[in-house]
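If you want the building blocks of each chain, they are given just below.
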Amino acid sequence: MSLRQLITTFFVITACLLAALGLILFFIINGNVPSFNDLENPKQDLATRIMSADGDVLDYFFIERRTQLPYDSIPPAFIEALIATEDREFYSHYGVHTTRAFKAIFKNIFMGKREGASTITQQLARKLFLDQSPTLRRKILEAFTAIKIEQTYTKREILELYANTVWFGRGAYGLQVASQLFFGKSPTQLTTAECAYMVAILKNPVGYDALNNYERAIGRRNLVLSMMMEHGNLSAKEYTESIEQPITMPPKKQQSRLGIAPHFVELVRQTLEKDENGEFATKGYDLYRDGLIIHTTLNTKIQRYANAAVEEHLIGFQNQFDKSWKWANNKEILGSFLSAAIRGRADYIAAETEEEKRKISERYKTNKNFIDSVKRRTTLIQTGVVVLNPMTGAIVGMVGASPQAMRMTPEARYSLNHSVQIKRQPGSSFKPFVYASALEDGLSPSSLIESGPYSYTSPSGEVWSPSGSSSEGGPIPLSSALRFSINSVAARLITEHTTPERVVQLARRCGIQSPLEAYPALALGAEEVRPLEITSAYGTFLNQGIHVPHFFITKIEDRMGNIIYEKKKSKKVIDAMRQKTAQSMVRMMEGVVNAGTASSIRQFYKYAAGGKTGTTNDYADAWFIGFTPELVAGVWTGFDSRKVKFQGWYGQGGRAAAPIFGRLMKKIYEDQSLGFNKKTFQFSGIPADSTGDSVNYFDPPPEGVIPSQIKDSAAISDTAKQMRLPRLN
C-alpha cells in the first residue's frame, strides 16, 4: 500500500471514528442534558424554617435539610477555601478545565491513579441534575451540563447555588443549615478556620466529621488552610493562627433534633398540614420541599425559662411521688399496663398464632428490664405549660411534656402535647368563671355568702351535696371564699346567684370551646377543658373583660421572601364581661396568690400576680392558671393514665403546679432584656384584695380550708384527706 493510500485510509478511519464518536455523544446528550429552562429553575428541595419571634430558627420541616443562603451572606473565607481546594481556575474556565481533565485521564489510564478533574461547576451539575455513578456516560453529561450552566449563570450565581446545594453530612444540605448544626452560629459568624473545615468536610462528610474522627478532621482542615495560603488567600501569620484553633462544636447530644420547643413546632406543622380552609394560604406549597419561612410568636428566652422552670420543679416533685407510690398496692394496675405495653410490641403484633402471642407475653412479663421501663413510663409526672400575651393572644412559650419523658424516646416530638391535646377536669381553676358570672349579676367581692355545708335538689329530685365547706360555717366575703376555694360557696353561687347556663355563656365568651354541660357541678370544674383554652380564657380577666383569641403564626414567606400569609388584627375580639367585673376578679385572684391556695408562688416571685389553683378527684390532676400584669400562663401536672394519681395533699394545685408558674415568672421578670417591667396591677377604684390571714408560703392551705380554722399541721393533713375536690355526691 502506497503512502498516499495509507494517509487516505488513516483519514477515513479517523473520520469514521469521529463520526461514531459524534453519534455516540449525540445519543448520550440528546434529551439528557437539561434545557436552559431547567437550568434557570433547578429543582431543589429546600427545608422550611420555623422562626421564633426574636429571630432564631426553632426547627426545620424537610426531606433534605436545606435552606437558601444569598451570596452576600456567604463568608468570603468559605469561597476562597472552596476555590483554593476544588477549582483554582474557576474564574477562567467555561465549566470544564480541559488541561486538568486530560491530566486526570492520563493518570487514571496510564498510571493507575484515581484523580478527580471536576470543576466546581461540574460538581454543581452532578448535584443538581445527575447521579454519582462513576461511568463515562455520566462524565460526558456532566461536562456538557457544566458548559450550559456557565452559559446560564454568572460565576457568583454558580457559587451561591453550590453553597446552597452541597451535602455536609448529618442530614445538612447547604451552608446555612450546616453552620448552625456544626457550630451553632450563622455563616457570617464563621471564622476562617471554621470556613476551612466546612470546605474540608465536603470531601468525605462522614470520614471527616470532627465528632467522630477529630485527628482526620483537623488534618484535612489544615490542608485546606495550607492551600489557601499557597493560593494567596492567607498570610503566613493568618495561616499559623488558624491552624492553632481547635475544631470546637457542641456534642451530638446537645444537637438534639428536638430543639427547645418541639411540641410548639409540631403544633405549627399539624396546623399547616390541616389547613383545609386555606387560612394560611399554603395550598399548592410543599411544606417539606419548598423552603417556606414560617414566623411564629414564640420567644426563645421565655421558652428556655419555661423548660428550666418545669425541669427544676419536677426533679424534686417526681422523687416525692416515687416515694409515695407503691406498686405492691397497685398490682392490678401494673398488670393492665404490662398487657397494654406487650400488645404494642412489634414481635407480639407480628406473631401469627395465639400460642406465639402467649409465649411472647409470658416472656415479657418475666423480663425485669421491660417491667421496670413500663413502671417508669406510667408513673412519670407529665406537664403542660403555655404562656400567652393576653393583649395580642400570642403564644410566647409552650412546654408539652415532661423533660424526662422527652429524653426517653427519639420520637418525643410527636408525643402527646399536654398543653393542647389533653382534656381534663380543671377542678377549682374553673371557679373564676362562676364568680365572674355572679359579679355580672350584681354581687361584689365583699358580698357575704354562707360557707357551711350545702345541698341542692334538682327539679328531678336528685340531691347534690358537694364536699368542701367551711368547718365553722357562717357568711364569708366572696374574695375569701375564692382565696381558699370553698366548694359550698361556689355551689351556692351557681344555683342561687347565677345559673349554670349563664356560666357556660360567659365561659364561651372568654374563649373556652370544649363542650360544657349546664348543671350545678360545673361550678367545681366537672367539665373537661384543654390547658390552652382555659389559659387563654383567663387572659380575659387581665384584658379588662375583652377576650382576644390565641394564635402562634404571624407570617409565612416563600423561598424568595415573598409574603404569602400575614396575620391581621383579629376580628374575633369579644367583649366577654364588664370591665369592673374583670378588674374585681383580678384583685380577688391576687389574694389567692398573696395569701391563699397559691401562696407557694411567693417562694419564687415577689411582684403582682393572680390566679387560681385546681385539683380534681383523688388528686388525679393539678392545675394553676395565673397571670402577671403582662402575661398569662397555665400549668397542668398529672399522668397520662388516669389510673395513676398523686398520693396525698402534695398533689393539690398549690404544690404540684403553682411553683412552676412562680419559678417561670421569676426568671422572666429578672431578665430585663425581655421588657416586662409592670410589677403591679393598676386599676383605678378597685382596691387590692386584703390578705387577712397570714399564710406559710412553703405550706399553703389545701383547697377548701380557711387557715384560721386549722390548729396544727396534723389538722391540715386530716382536713386535706377529707377534701378530694371536686367530689360530686
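Owing to the predicted nature of the structure, the values given are computational and were not obtained by experimental measurement.

Asks: Can you help me understand unusual backbone geometry in this one?
Replies: Apart from glycine, the bulk of residues carry a negative phi angle, and the bulk of peptide bonds sit in the trans form. Unusually for a residue other than glycine, Ser-485 sits at a positive phi of about 55°. Tracing the sequence through the fold places Ser-485 in the loop between helix H20 (478–483) and helix H21 (487–497). Positive phi, normally seen in glycine, also occurs at Asp-618, with a value near 55°. Within the fold, Asp-618 resides in the loop between strand S17 (610–615) and strand S18 (622–627).

Asks: Where do I start with the pattern of salt bridges in this structure?
Replies: Where charged atoms from two side chains of opposite charge come close, those side chains can pair. Taken as a whole, this structure holds 20 salt bridges when the rule is applied. A salt bridge links Lys-185 to Glu-194; the shortest N-O distance between them is 3.2 Å. Where Glu-312 meets Arg-663, a salt bridge forms, and the shortest distance between an N and an O atom there is 3.4 Å. Placement of Glu-312 in helix H13 (residues 300–324) and of Arg-663 in helix H26 (residues 658–670) is noted, with a sequence separation of 351 residues between them. Residue Glu-312 is classed as partly exposed on the basis of its relative accessible area of 34%. Judged by its relative accessible area of 21%, Arg-663 falls in the partly exposed class. Salt bridges sharing common partners tie together Glu-266, Arg-269 and Glu-273.

Asks: Mind showing me how you'd approach the sheet that holds strand S7 (residues 382–389) here?
Replies: Strands sit in the order S8-S7-S19-S18-S17 across an open sheet of five strands; the sheet is antiparallel. The strands lining the two open edges of the sheet, one partner per strand, are strand S8 (394–399) and S17. Sheet twist, expressed as the mean angle between neighbouring strand axes with direction ignored, is 10°. Here S7 runs beside strand S19 (residues 632–638); their pairing, made up of seven bridges, is antiparallel. Across the sheet, Thr-383 pairs through a bridge with Thr-637, a residue of S19.

Asks: It is not clear to me how the nonpolar core should be interpreted in this structure. Could you clarify?
Replies: Generally speaking, nonpolar side chains in soluble globular proteins are found buried as a group. If you look at the biggest cluster of nonpolar residues, it comprises 135 residues, and the most contacted ones within it are Tyr-435 and Phe-646. Grouped together as the second largest cluster of nonpolar side chains are 53 residues, Ala-125, Tyr-153, Val-166 and Ala-172 included.

Asks: How should I be thinking about the packing of helix H19 (residues 431–440) against helix H23 (residues 531–542) in this particular structure?
Replies: Between two packed helices, the angle of one axis relative to the other and the distance separating the axes together describe the packing. Look at H19 against H23: their axes get within 11 Å of each other, and the N-to-C directions meet at 35°. Crossing handedness for the pair H19 and H23: left-handed. Within the contact between the two elements, H19 uses Pro-432, Phe-433 and Ala-436 and H23 uses Ile-534, Ala-537, Tyr-538 and Phe-541. Residue composition of the contact of H19 with H23, grouped by class: seven nonpolar, no polar and no charged.

Asks: Even after reading the chapter, I still don't get the environment of Thr-240, so can you show me in this structure?
Replies: Mapped onto the elements, Thr-240 comes out in helix H11 (residues 236–243). Residues Thr-240 and Asn-222 lie 18 residues apart in sequence; the distance between their C-alpha atoms is 9.8 Å.

Asks: Just to check I follow, could you spell out the packing of aromatic side chains for this structure?
Replies: When we look at a pair of aromatic rings, we describe it by the centre distance and by the angle of the planes. All told, the structure shown has 26 aromatic pairs when counted by the stated rule. Ring centres of Phe-90 and Tyr-91 lie 5.1 Å apart, and the angle between their planes is 75°; this geometry places the pair in the edge-to-face category. Relative accessible area serves as the criterion here: at 53%, Tyr-91 is assigned to the exposed category. The interplanar angle of 25° and the centroid separation of 5.7 Å between the aromatic rings of Phe-321 and Trp-325 together place this pair among those described as stacked. Residue Phe-321 is classed as buried on the basis of its relative accessible area, which comes to 0%. Of the residues examined, Trp-325 reaches a relative accessible area of 7% and is grouped as buried. By way of ring pairs, the aromatic residues Phe-317, Phe-321, Trp-325, Trp-327, Phe-337, Phe-639, Phe-646 and Tyr-650 are connected into one cluster. Residue placement shows Arg-216 over the ring face of Tyr-208; its charged tip is 4.8 Å from the ring centre. The ring of Trp-649 is capped by Arg-655, whose NZ or CZ atom sits 4.6 Å from the centre of that ring.

Parameters and conventions
- Residues numbered from 1 in each chain as written.
- Predicted model: local features only at pLDDT ≥ 70, side-chain atom pairs only at ≥ 80, totals over all residues.
- Heavy atoms only, no water.
- Helix = DSSP H or I, 4+ residues; strand = E, 2+ residues; numbered from the N terminus.
- Salt bridge = Lys/Arg side-chain N within 4 Å of Asp/Glu carboxyl O.
- Buried < 20%, exposed > 50% of the residue type's maximum accessible area, 1.4 Å probe, protein only.
- Pairing = 2+ DSSP bridges.
- Axes fitted to C-alpha atoms, helices over the stretch in contact; angles between N-to-C directions.
- Core = buried A, V, L, I, M, F, W, Y, C linked by side-chain atoms within 4.5 Å.
- Left-handed = near helix turned anticlockwise from the far one by under 90°.
- Contact = heavy atoms within 4.5 Å.
- Nonpolar A, V, L, I, M, F, W, Y, C, P; charged D, E, K, R; others polar.
- Phe/Tyr/Trp six-rings, centres within 6.5 Å; stacked < 30°, edge-to-face > 60°.
- Lys NZ or Arg CZ within 6 Å of the ring centre and 35° of its normal.

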